[in-house]
Amino acid sequence: MESKGECYRCRNFIRYYTRGAKQFNQTKFGWCGAKLCTVSNREGCEQYVFKKPTKKSRETLKIYLSNLLTEISAIRQVLEDENADKNV
């Protein structure tokens, strides 16, 4: 059996993640859609299909804007709470 590439670069590979304090952390394992089982990210197989790189700039921008809006909402809530305390 000749392996063409490593699983982490395959279109059929879906990586597992664990929840961290601030973000999700990658694991060394994932689900192979071709073999229908859990595999290591460094394995290879005959069903390897190269995963085309995606443009992440638009997605990164959406995440960044979402984080900014969340921070602005938190600041607004603090200011409204302070203003409500002064009016009481």
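The shown structure was predicted, so the numbers you read here are calculated from the model rather than taken from an experiment.

Reading guide: rules and limits
Residues numbered from 1 in each chain as written. Predicted model: local features only at pLDDT ≥ 70, side-chain atom pairs only at ≥ 80, totals over all residues. Heavy atoms only, no water. Helix = DSSP H or I, 4+ residues; strand = E, 2+ residues; numbered from the N terminus. Rg over C-alpha atoms; globule rule 2.2 N^0.38 Å. Buried < 20%, exposed > 50% of the residue type's maximum accessible area, 1.4 Å probe, protein only. Contact = heavy atoms within 4.5 Å. Areas by Shrake-Rupley, 256 points an atom, 1.4 Å probe, with all protein chains shown as cover. Lys, Arg positive; Asp, Glu negative; His and termini not counted. Charge placed at Lys NZ, Arg CZ, Asp CG, Glu CD. Pairing = 2+ DSSP bridges. Salt bridge = Lys/Arg side-chain N within 4 Å of Asp/Glu carboxyl O. Axes fitted to C-alpha atoms, helices over the stretch in contact; angles between N-to-C directions.

This brings us to the overall build of the protein chain. Counting its secondary structure elements, the protein chain contains one helix and three strands. Its helices and strands taken in sequence order, the protein chain reads β-β-β-α from the N to the C terminus. Here the protein chain has a C-alpha radius of gyration of 22 Å; the compact-globule value for 88 residues is 12 Å, and the former is much larger. Its C-alpha atoms give the protein chain principal-axis dimensions of about 75 × 25 × 15 Å. Considering the protein chain as a whole, with its 88 residues, one finds that 16% of them fall into the buried category. Across the protein chain, every contact between residues at least 6 apart in sequence was considered, and the portion connecting residues at least 24 apart equals 47%. About 7900 Å² of surface is accessible on the protein chain, with carbon and sulfur atoms providing 54% of the total. Once the 17 positive and 10 negative side-chain charges of the protein chain are each reduced to a mean point, those two points are 10 Å apart.

It is worth spelling out the pairing of strand 1 (residues 13-19) at this point. Summarising the sheet, strand 1 and strand 2 (residues 24-32) pair through six bridges and their orientation is antiparallel. Looking at the pairing, Ile14 lines up with Trp31 of strand 2. Here strand 1 hands over to strand 2 after four residues, the two strands then running antiparallel side by side.

In this section: the pattern of salt bridges. By the definition in use, this model includes three salt bridges. Ionic pairing is found between Glu43 and Lys35, a salt bridge with its closest N-O pair at 3.6 Å. Judged by its relative accessible area of 33%, Glu43 falls in the partly exposed class. Assessed through its relative accessible area of 31%, Lys35 is described here as partly exposed. With its nearest N and O atoms 3.1 Å apart, the salt bridge here joins Glu80 to Arg76. Highlighted residues: Glu80 and Arg76, both in helix 1 (residues 57-87), separated by four residues, approximately one helical turn.

A few words on unusual backbone geometry. Within the chain, Leu36 stands out as a residue other than glycine whose phi angle is a positive 60 degrees. With respect to the helices and strands, Leu36 occurs in the loop between strand 2 and strand 3 (37-40).

The next subject is the sheet that holds strand 3. On the basis of which strands lie adjacent, the open sheet formed by three strands has the order 1-2-3 and antiparallel pairing. Pairing within the sheet leaves two strands with one partner each, and these edge strands are strand 1 and strand 3. Neighbour-to-neighbour, the strand axes of the sheet open up by a mean angle of 45 degrees, direction not taken into account. Where strand 2 lies against strand 3, four bridges are found, and the strand directions are antiparallel. Note that in strand 3 the partner of Phe29 across the bridge is Ser40.

Functional significance is not addressed by these values, which are geometric in nature.
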